[in-house]
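Letter by letter, the chains look like this.
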Amino acid sequence: MKKDVLDGVLCEVNNCVYWEKGNRCSADEILVVSQQGHKASNVEETDCQTFERA
């Protein structure tokens, strides 16, 4: 069954259950958190909490 994808949300982690062809994300929502508290200075200080291993 084809899942809906989030417009404009791309993901290259193809071992995630939400990964779809074309690096599209089919999660209902995305949760990104900062590793440093409530503020991140750069992308390296963030993590996607939506990831689930396929």
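Our subject is the structure listed above.
Scoring rules and cut-offs
- Residues numbered from 1 in each chain as written.
- Predicted model: local features only at pLDDT ≥ 70, side-chain atom pairs only at ≥ 80, totals over all residues.
- Heavy atoms only, no water.
- Disulfide = S-S within 2.5 Å.
- Helix = DSSP H or I, 4+ residues; strand = E, 2+ residues; numbered from the N terminus.
- Polar contact = N/O pair within 3.5 Å; in protein donor to acceptor, adjacent residues only side chain to side chain.
- Contact = heavy atoms within 4.5 Å.
- Salt bridge = Lys/Arg side-chain N within 4 Å of Asp/Glu carboxyl O.

(A) Molecular detail of the state of the cysteines. Here the structure, examined in full by the defined rule, presents zero disulfides. Of the cysteine sulfurs around Cys11, a residue in no disulfide, the closest is that of Cys16, at 5.7 Å. Of all cysteine sulfurs, the one in Cys11 lies closest to Cys25, which takes part in no disulfide; the gap is 6.1 Å.

(B) The arrangement of the side chain of Ser26 in detail. The residue Ser26 is located in the loop between strand 2 (24-25) and strand 3 (32-34) in this model. Only 3.4 Å separates the side chain of Ser26 from the side chain of Glu20, close enough to count as a polar contact. In this structure, Ser26 is in contact with Lys3, Asp4, Val5, Val17, Tyr18 and Glu20, ignoring residues within four places of it in sequence.

(C) Broad picture of the pattern of salt bridges. Per the counting criterion, the structure on display carries one salt bridge. One salt bridge connects Asp7 with Arg24, and the closest N-O pair in it is separated by 3.8 Å. Placement of the pair is Asp7 in the segment before strand 1 (19-20) and Arg24 in strand 2, with a sequence separation of 17 residues.

By themselves, these figures tell us nothing about what the structure is for.
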